[in-house]
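Per-entry structural report
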Amino acid sequence: TVRTPLVSSRPTNSLKTRAMDAAQPFDFEAQEAERRNAARRMRVGVVGFGTFGQFLARRIVQQGHEVIATSRGDYADKAAEIGVSAYYRDADDFAEAHPDVVVLCTSILSTESVLAALPLQRLLRSTLVVDVLSVKAFPKDVLLRRLPKSFDILCTHPMFGPDSGRGSWEGLTFMYDPVRIAPDLGNAANGKLTRSQRLAAFLDIFSSEGCRMVEMTCEEHDRLAASSQFITHTIGRVLGAMKLEDTAINTRGYESLLSLVENTANDSFDLYYGLFMYNDNSIEELHRLEQSFDDIKQRLFAQLHARVRAELFSGSSVEGAKKLPDVLHGNGHAATAASESPEAHARR
């Protein structure tokens, strides 16, 4: 039996090349990256949708996470503009949306009252609660006291804000303390991340933006912040109270002072008061600042007193007495240290 070769009855010219995709390997990598990102995607709930809450929400949305928010004010239009998927005026509705992570973007002074008003029983029992306050021991204590033991707690301090973090976050410091993260119990179910994966995914929001990630305890943070952040705010407010003005002969040092005053003025006094009230180290630093200022004044007047005595007794007591008014009013360059030229003083 001779078998006849099978020949298709379809015309050979019916197969036409419509398109060539020369970037298939790259497409596969992009799809794989998208799959991994989708697996790490979280629903992040922002409590307190003021300036800082909006600032964080915008960047979290840009990274592909879903963001929901709640606040006392009506920020629905702003939330929609940023890309927030749902904005709730009612905290119960917010909690029933079951965010994986709740970020408290409240003021220091209102933190405890806001947390007390949040219907914690409506949130998932495994919720990760994050604070972003400028003090750390205080919110750590509040969260440990008020949150159910099944909740995870992460205390953080982004050391930047809407002004300094307007563009890139590259090199900006992000401090964090995983205060309480329960161990994973088996693998993630229903597409949810395990507790450790969720913690890593949240921290990745900042590390992937190039932040300098610093893990330290809340107590160590407050000790260091009192001698840096609180003092910075204090000096800025003191100089602001002096009404410093721009001049035609500004030095770079003076420009830095004006910039400090401007940056400090952008923060509310409640923030500054919170840095003082809720950081046990701030009072000590304030005393040190006062003591240092007194020491400088004493050194200035001691040198002035020595100069006055030298001028007073350089000749006869009568001639010295005549010179005294001029010396006290600075006409004898009494205010300029003998070891420093006027040119060196001007360059300071």
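Structure first, text after, so check above.
Now for a description of the structure that goes with this document. Here the structure is a predicted model, which means the values were calculated and not measured. (Residues numbered from 1 in each chain as written. Predicted model: local features only at pLDDT ≥ 70, side-chain atom pairs only at ≥ 80, totals over all residues. Heavy atoms only, no water.)

1. Observations regarding the overall build of the protein
A tally of regular secondary structure across the protein gives 13 helices and eight strands. Look at the contacts in the protein between residues 6 or more apart in sequence, and 68% of them connect residues 24 or more apart. As displayed, the protein has an accessible area near 21600 Å², and 53% of this comes from carbon and sulfur atoms. (Helix = DSSP H or I, 4+ residues; strand = E, 2+ residues; numbered from the N terminus. Contact = heavy atoms within 4.5 Å. Areas by Shrake-Rupley, 256 points an atom, 1.4 Å probe, with all protein chains shown as cover.)

2. Concerning the packing of aromatic side chains
Counted under the stated rule, the structure contains 16 aromatic pairs. Here Trp 169 and Phe 206 contribute two aromatic rings whose centre-to-centre distance is 5.7 Å and whose plane-to-plane angle is 10 degrees, an arrangement assigned as stacked. Here Trp 169, found in the loop between strand S6 (152-158) and strand S7 (173-180), pairs with Phe 206, found in helix H7 (residues 195-207); they are 37 residues apart in sequence, far enough to count as distant. Each member of the pair, Trp 169 as well as Phe 206, is classed as buried. Pairing Phe 174 with Phe 206 gives two aromatic rings, centres 4.0 Å apart and planes at 20 degrees, and the pair type is stacked. Here Phe 174, found in strand S7, pairs with Phe 206, found in helix H7; they are 32 residues apart in sequence, far enough to count as distant. A single burial state applies to Phe 174 and to Phe 206, both of which are buried. (Phe/Tyr/Trp six-rings, centres within 6.5 Å; stacked < 30°, edge-to-face > 60°. Buried < 20%, exposed > 50% of the residue type's maximum accessible area, 1.4 Å probe, protein only.)

3. Some words on the environment of Cys 218
Of note, Cys 218 is situated in helix H8 (residues 218-241). In this structure, the C-alpha to C-alpha distance between Cys 218 and Asp 141, residues 77 residues apart in sequence, is 9.9 Å.

4. Some points on unusual backbone geometry
Phi is positive for His 98, close to 55 degrees, though the residue is something other than glycine. As for its placement among the helices and strands, His 98 is situated in the loop between helix H4 (91-96) and strand S4 (101-104). Phi at Lys 243 takes a positive value of approximately 60 degrees, unusual for a residue other than glycine. Along the chain, Lys 243 turns up in the loop between H8 and helix H9 (252-265).

5. Some points on the nonpolar core
One finds Phe 49, Val 103, Phe 202 and Phe 206 to be the most contacted residues of the largest nonpolar core, which totals 34 residues. Breaking this core down by element, the ones donating at least two residues are strand S1 (43-47), helix H2 (51-62), strand S2 (66-70), helix H3 (76-82), S4, strand S5 (128-131), S7 and H7. Considering each element in turn, this core owes the most residues, six residues, to H7. If near-sequence neighbours (up to four positions away) are discounted, Phe 49 is found in contact with Gln 54, Ala 57, Ala 69, Thr 70, Ser 71, Tyr 75, Lys 78, Ala 79, Ile 82, Val 84 and Tyr 87. Formed by 28 residues, the second largest nonpolar core is a distinct cluster that contains Val 47, Leu 104, Leu 133 and Ile 231. (Core = buried A, V, L, I, M, F, W, Y, C linked by side-chain atoms within 4.5 Å.)

6. Some words on the packing of H8 against helix H11 (residues 282-312)
Between H8 and H11, the least distance of the axes is 10 Å, while the angle of their chain directions is 60 degrees. When the interaxial angle is binned, H8 and H11 end up oblique. Of the two elements, H8 crosses H11, and the hand of that crossing is right-handed. Across the interface between the two elements, Ala 226, Ser 227, Phe 230, Ile 231, Thr 234 and Ile 235 from H8 touch Ser 282, Glu 285, Leu 286 and Leu 289 from H11. Looking at side-chain class alone, the contact of H8 with H11 contains six nonpolar, three polar and one charged residues. (Axes fitted to C-alpha atoms, helices over the stretch in contact; angles between N-to-C directions. Parallel < 35°, antiparallel > 145°, perpendicular 65-115°, else oblique. Left-handed = near helix turned anticlockwise from the far one by under 90°. Nonpolar A, V, L, I, M, F, W, Y, C, P; charged D, E, K, R; others polar.)

7. So, the sheet that holds S7
The eight strands are arranged S3-S2-S1-S4-S5-S6-S7-S8 in an open sheet whose pairing can be described as mixed. Each edge of the open sheet is held by one strand with a lone partner, namely strand S3 (86-88) and strand S8 (212-215). Averaged over all neighbouring strand pairs, the angle between strand axes comes to 25 degrees, with direction disregarded. Examined bridge by bridge, S6 and S7 share five bridges and lie antiparallel to one another. (Pairing = 2+ DSSP bridges.)

8. Remarks on the pairing of S5
By the alternation rule, side chains of S5 split into Leu 128 and Val 130 and Val 129 and Asp 131, which are all buried. Here four bridges tie S4 to S5, and the two strands are oriented parallel to one another. When the bridges of S5 are listed, Val 101 appears paired with Leu 128. Handedness of the S4-helix H5 (residues 111-117)-S5 crossover: right-handed. Sheet topology note: the S5/S6 ladder contains four bridges and is parallel. The residue of S6 that forms the bridge with Val 129 is Ile 153. A crossover connection joins S5 to the parallel S6 through helix H6 (residues 137-146); in handedness this β-α-β unit is right-handed. (Right-handed = clockwise from strand over helix to strand, strands pointing away.)

Worth remembering: the numbers are spatial, not functional.
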